[in-house]
Amino acid sequence: MKAFILHFAIETKSGFRKKQQMFLTYFFPLGFFLMMGAVMPQLNPLFLDDMIPAMLIFAIMTSTLLGIPDPLVNGRTNGIFRGYRVNGVPAMSLIILPVLSSVIHTLLVSTVIMILSPLLFGAPIPVNILPAIPLLMLTVFSCAGLSVFIGVISTSSKSSMIWSQIIFIPSMLIGGLMIPFQSLPESVKPVAMLLPSTHSMNLFKIFIYETEAAIPPFVSFAVLSGIGAAAFILARILFKWDNKKAGR
Amino acid sequence: MTDHIIRVNGLKKNYGSTIAVDGIDFDIERGKLVSILGPNGAGKTTSLECLEGLLKPDGGRIEIDGKSNTTDKKHLSNQIGIQLQSSALPENLTVLEAMRLFCSYRRIPVRSDLLSRFGLNGKLNTRFSNLSTGQKRRLSLALAIIHNPQVLFLDEPTAGLDVQSRIELHGIIGELKQGGTTIILATHDMAEAESLSDKIIILLNGKIVAEGSPAEITATGDSVSRISVRTENRDISETLKLLPGIESFHLTDDFSVLFSRNIEETVSSVLELIKSSGDTLVDLRIERPTLEERFVEITDLNKQTTGVL
């Protein structure tokens, strides 16, 4: 456990030295947040009502879906995991650590978004702040589970990017971030119901703004927890230390 | 009684229908340095990975320090250190962080002594990506021995290194051997294997085709030795090539160069000829076939007999 904690501390600290991680975790979501805050309220004043949860979920998705898979693929292809394996690092550490590290970075970004949204753009302050923390954790759990799974099954950075975008782009378009679930065409709703962002938005709106539920909350809890748990279990089962083909 | 730290009996490993390692047997004495040689695809990396416990053999038995390496993984992990050919560390990890991390997982205090010994003390806060190739190898080697393993596996440790870095790494390997560590080295560098090894195992198509000390391996070959002779008066040059057992002959600026399979007979004949002709010997050099030449001979012979390499 001591080794795991040290590894976590080193992983989180070294995350601040990684340009790609810094971009995907901080600059991209915060830049997008500032841009959306400046533009969207003029086009759609109702956007402000959903701004905080939408931007929090966006930050989580960029940090996890776009940030986690590639280092996992590179760890296998570059021999980093082989080096870890022969030096006694357990596989579970390599699966869990990027997730825990994402939690730390996401909490920092979320705090910035929570503070700046009302101050800069007049977004409504949440009625309940505390539920935001477990909801953030649940959303990270679900998105990070999918991200780790993508990282484990992808054979190259290119394929991991494609898999990530298959989830990321629909989440942006029909996952409740830009258009409320209730406003989606009926034909699109079944697809939206498969996306973690839809359920995360639903729960945030219910619990931090006390708005009416678009989807029963227990369904959203079950989907987010189920996706996360299934993805982590599959990732652990399918985890490989390297991409090395059967050489001789 | 010989103290064997590694015993391999009937080791087999297949990849689908391809036989990578075909029932090989060998023993390794404690404290010795053994090189495993072979062309690409000979089965050396597969054999090493089976020994290291990274691959599960399809047959046979491997014992390290008296215990099976497939059933007692914890024992194996404590007994062996591995420097892989194709391994790396995260590019943003610093030297000190890497040492702290792996020592922590091994549950041992941080081995600052190794960083000092391997010349990495001035690089403690340098990121892995900013280290030179030689420094990366030294760090990798230092990390492989943090728990003082009895057996150390080195896979191409000097590949891609400049001369100075190779010499430094050879020095470190020599020190480890003197300290009693058994070292198994996989390399393509014949000169390295010849100079460092107590024993050499040559693999070809998953089988051992030669085994012994470097001297034994080179002595058993069919290669010719090169004998270079320089005398004060070069009048005997034409007579030299007529001596018995000479396979070929040519003149360089200063030397008459003879090629012979029977060194003793040829050298005796050369000395007698010089004496009888009243000439004086200035220089005599004998170059036995190198391990590289013997290796090429073995692989060529196999190619001719099996049509496979």
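As the structure is a computational prediction, the values presented were derived from the model and not from experiment.

About the thresholds
Residues numbered from 1 in each chain as written. Chains lettered and ligands numbered in written order. Predicted model: local features only at pLDDT ≥ 70, side-chain atom pairs only at ≥ 80, totals over all residues. Helix = DSSP H or I, 4+ residues; strand = E, 2+ residues; numbered from the N terminus. Buried ≥ 20, exposed ≤ 12 C-beta atoms within 10 Å, placed from the backbone. Contact = placed C-beta atoms within 7 Å. Domains from an automatic or database assignment. Pairing = 2+ DSSP bridges. Axes fitted to C-alpha atoms, helices over the stretch in contact; angles between N-to-C directions. Parallel < 35°, antiparallel > 145°, perpendicular 65-115°, else oblique. Left-handed = near helix turned anticlockwise from the far one by under 90°. Nonpolar A, V, L, I, M, F, W, Y, C, P; charged D, E, K, R; others polar. Core = buried A, V, L, I, M, F, W, Y, C linked by C-beta atoms within 7 Å.

Caption draft 1: Here's a closer look at the overall build of chain A. Along its length, chain A carries 11 helices and 0 strands. Projected onto its principal axes, the C-alpha coordinates of chain A cover approximately 65 × 35 × 30 Å. Sorting the 248 residues of chain A into buried and exposed places 44% on the buried side. Look at the contacts in chain A between residues 6 or more apart in sequence, and 79% of them connect residues 24 or more apart.

Caption draft 2: Inspection of the overall build of chain B at higher detail. Looking only at helices and strands, chain B features 11 helices and 14 strands. Taking the principal axes of its C-alpha atoms as reference, chain B extends roughly 75 × 50 × 40 Å. Within chain B, the fraction of its 309 residues that count as buried is 40%. Of the contacts formed within chain B by residues at least 6 apart in sequence, a portion of 68% connects residues at least 24 apart.

Caption draft 3: Quick look at the environment of A:Phe168. All names here are of chain A. The residue Phe168 is located in helix H8 (residues 157-174) in this model. Sequence separation between Phe168 and Thr211 is 43 residues; the distance between their C-alpha atoms is 25 Å. Each residue touching Phe168, except ones within four places of it in the same chain, is listed here: Met61, Leu65 and Leu66.

Caption draft 4: Up close: the domain arrangement of chain B. When its domains are assigned, chain B resolves into domain 1 (4-219) and domain 2 (225-287). Computed over C-alpha atoms only, the centres of domain 1 of chain B and domain 2 of chain B are separated by 44 Å.

Caption draft 5: Spatial organisation of unusual backbone geometry. All names here are of chain B. For Asp65, which is not glycine, the phi dihedral falls at a positive 50°. Counting through the fold element by element, Asp65 comes out in the loop between strand E4 (59-64) and strand E5 (67-68). One non-glycine residue, Glu156, adopts positive backbone phi at about 50°. In this fold, Glu156 is placed in the loop between strand E7 (151-155) and helix H6 (163-178).

Caption draft 6: Summary view of the sheet that holds strand E14 (residues 281-287) of chain B. Residue and element names in this part refer to chain B. A sheet is described by the order of its strands in space; here 4 strands give the open sequence E12-E13-E11-E14, paired in antiparallel fashion. The open sheet has two edge strands with one neighbour each: strand E12 (246-251) and E14. Between one strand axis and the next, the sheet turns by 15° as a mean value, whatever way the strands run. As paired elements, strand E11 (residues 225-231) and strand E13 (residues 256-260) share 5 bridges and run antiparallel to each other. When the bridges of E13 are listed, Arg226 appears paired with Phe259. Its contacts with the sheet place helix H10 (residues 263-276) against E11, E12, E13 and E14, and it is angled at close to 10° to E11.

Caption draft 7: A look at the packing of helix H5 (residues 133-144) of chain B against H6(B). Residues and elements named next belong to chain B. Where H5 contacts H6, the two axes come as close as 10 Å, and the packing angle between them is 15°. Of the possible angle classes, the one that applies to H5 and H6 is roughly parallel. Here the hand of the crossing between H5 and H6 comes out right-handed. In contact with Gly134, Arg137, Arg138 and Leu141 of H5, H6 contributes Ser165, Glu168, Leu169 and Ile172. Of the residues belonging to the contact of H5 with H6, the class tally is 3 nonpolar, 2 polar and 3 charged.

Caption draft 8: Seen up close, the pairing of E11(B). Alignment of E11(B) against E14(B), held across 6 bridges, turns out to be antiparallel. Looking at E14(B), one finds that B:Thr231 is bridged to B:Leu281.

Caption draft 9: Expanded view of the sheet that holds strand E10 (residues 207-212) of chain B. Residue and element names in this part refer to chain B. In space, the 6 strands of this open sheet follow the order E6-E7-E8-E3-E9-E10, with mixed pairing throughout. In this open sheet, the two edge strands, each paired with only one partner strand, are strand E6 (80-83) and E10. Going from strand to strand, the sheet's axes swing by 15° on average, the running direction of each strand aside. Bridge count between strand E9 (residues 199-204) and E10: 5 bridges; the pairing is antiparallel. Note that in E10 the partner of Leu203 across the bridge is Ile208. On the sheet, helix H1 (residues 44-51) packs against strand E3 (33-37), E7, strand E8 (182-186) and E9 and is oriented at approximately 150° with respect to E8.

Caption draft 10: Structural context of the nonpolar core. Judged by nonpolar contacts, the single largest core of 122 residues is most densely connected at A:Met55, A:Val148, B:Ala98, B:Ala142, B:Phe153, B:Ile184 and B:Ile202. Residue contributions to this core peak at 13 residues, all from helix H3 (residues 47-66) of chain A. Setting aside anything within four residues of it in sequence, one finds B:Ala98 in contact with B:Leu89, B:Leu93, B:Phe128, B:Leu139 and B:Leu143. Core analysis: the second largest hydrophobic core is formed by 7 residues, B:Val229, B:Leu240, B:Ile246 and B:Leu258 among them.

Caption draft 11: Broad picture of the interface of chain A and chain B. In this complex, chain A contributes 20 residues to the contact, which on the side of chain B involves 24 residues. Going through the elements one at a time, helix H1 (2-15) and helix H5 (80-86) of chain A are the ones with two or more residues in the side of chain A that touches chain B. Tallying contributions element by element places H1(A) first for the side of chain A that touches chain B, with 6 residues. Taken together, the residues of the side of chain A that touches chain B sort by class into 7 nonpolar, 8 polar and 5 charged.

Caption draft 12: A look at the environment of A:Gly151. All names here are of chain A. Along the chain, Gly151 falls in helix H7 (residues 132-153). Measuring from C-alpha to C-alpha, the distance between Gly151 and Leu97 comes to 13 Å, with 54 residues separating the pair along the chain. Discounting chain neighbours no more than four positions away, the residues touching Gly151 are Ile68, Pro69, Leu72, Val73 and Ser160.

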